[in-house]
Amino acid sequence: QVQLVESVGGLVQAGGSLRLSCAASGRTSSTPNMGWFRQASGKEREFIATITGVGSTKYADSAVKGRFTISRDNAKSTLYLQMNSLKPEDTAVYYCAAGGASAYLRSTPRTYDIWGQGTQVTVSS
């Protein structure tokens, strides 16, 4: 079974940057496709970006494009999300996720099998 553990988020001022990480353990070869999602209070879970096992990426056509970057270090079994030029509307709980073939470059949450515990990111104005 794969487990995902996210780094602690935090409070950051608008315009600042933050990098989230997500450490994977277990049989990670079964879930090579990984992604980041977020969920603001009272809203549905929102796709941010996904990356395949060999580094191909897909981003949401939303305000995060151009500001957020997804990456991974397979040697460390770790997924990253670099967030720049943060805005108050980026405030949310951020989740990493992992999936098998069904999650290949997919933006739909249900295609991912494993989820991290979520980490709160708060951006102050």
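What you see as residue numbers is a count from 1 along each chain, following the sequence as written. The model is predicted, so local features are restricted to residues of pLDDT at least 70 and side-chain atom pairs to those at 80 or more, both for listing and for counting; the totals for chains, interfaces and linings are taken over all residues. Hydrogens and waters are ignored; side-chain quantities use all the structure's heavy atoms.

A few words on the overall build of the protein. A helix here means a DSSP run of H or I that spans at least four residues, while a strand means a run of E at least two residues long, and both kinds are numbered starting from the N terminus. Scanning the protein for helices and strands turns up zero helices and 11 strands. Start at the N end of the protein and walk to the C end: the helices and strands fall as β-β-β-β-β-β-β-β-β-β-β. In terms of principal-axis extent, the alpha carbons of the protein reach across some 40 × 25 × 25 Å. Counting only residues that meet the buried cut, the protein has 42% of its 125 residues in that class. A 1.4 Å probe rolled over the protein chains alone gives each residue an accessible area, and that area as a share of the maximum for its type sets the label: buried under 20%, exposed over 50%, partly exposed in between.

We now examine the state of the cysteines. Linking two cysteines covalently through their sulfur atoms gives a disulfide. When two cysteine sulfur atoms are found within 2.5 Å, that pair is recorded as a disulfide. The final tally for this structure, using the stated rule, is one disulfide. The disulfide partner of cysteine 22 is cysteine 96, and the S-S distance across this bridge is 2.1 Å. Measuring the twist about the S-S bond at about 60 degrees, one finds the cysteine 22-cysteine 96 disulfide to be right-handed. Here cysteine 22 is found in strand β3 (residues 18–25), whereas its partner cysteine 96 is found in strand β9 (residues 92–99), with 74 residues between them in sequence.

All right, on to the side chain of arginine 67 then. Of note, arginine 67 is situated in the loop between β6 (57–59) and β7 (68–73). Arginine 67 sits in the buried class, given a relative accessible area of 9%. Of the polar contacts made by the side chain of arginine 67, one reaches the side chain of aspartate 90; its length is 2.8 Å. Apart from residues no more than four positions distant in its own chain, arginine 67 is found in contact with Gln82, Met83, Asn84, Ser85, Leu86, Lys87 and Asp90. Side-chain atoms alone can form a polar contact between residues adjacent in sequence; in general such a contact is a pair of N or O atoms within 3.5 Å, and within protein one must be able to donate a hydrogen while the other accepts it. We call two residues in contact when some of their heavy atoms are within 4.5 Å.

Attention shifts here to the packing of aromatic side chains. Each pair of aromatic rings taken from Phe, Tyr and Trp, with Trp reduced to its six-membered ring, is defined by centres within 6.5 Å and is described as stacked if the planes are under 30 degrees apart, edge-to-face if over 60, and tilted in the remaining cases. Here the structure, examined in full by the defined rule, presents five aromatic pairs. A centroid spacing of 5.0 Å and a plane angle of 55 degrees characterise the contact between phenylalanine 37 and tryptophan 115, whose relative ring orientation is tilted. Remark: tryptophan 115 occurs in strand β10 (residues 114–115) and phenylalanine 37 occurs in strand β4 (residues 33–39); sequence separation between them is 78 residues. Judged by relative accessible area, which is 0%, phenylalanine 37 ranks as buried. Judged by its relative accessible area of 26%, tryptophan 115 falls in the partly exposed class. Pairwise contacts between aromatic rings join Phe37, Phe47, Tyr95, Tyr112 and Trp115 into one cluster. We call a charge positioned over a ring when the NZ of a Lys or the CZ of an Arg lies within 6 Å of the ring centre and within 35 degrees of the ring normal. Above the plane of the ring of tyrosine 95 lies arginine 45, whose end atom (NZ or CZ) is 3.8 Å from the centre.

We define a salt bridge as a side-chain nitrogen of Lys or Arg found within 4 Å of a carboxyl oxygen belonging to Asp or Glu. Applying the stated rule across the entire model yields four salt bridges. Taking the shortest distance from any N to any O, the salt bridge between glutamate 46 and arginine 38 comes out at 2.8 Å. Residue classification places glutamate 46 among the partly exposed residues on the basis of a relative accessible area of 30%. For arginine 38, the salt bridge is made with aspartate 90, and the minimal N-O distance between the two is 2.9 Å. Taken together, the positions of arginine 38 in strand β4 and aspartate 90 in the loop between β8 (78–83) and β9 put the pair 52 residues apart, joining distant regions of the chain. When salt bridges with common partners are traced through the structure, they connect Arg38, Glu46, Arg67 and Asp90 into a single cluster.

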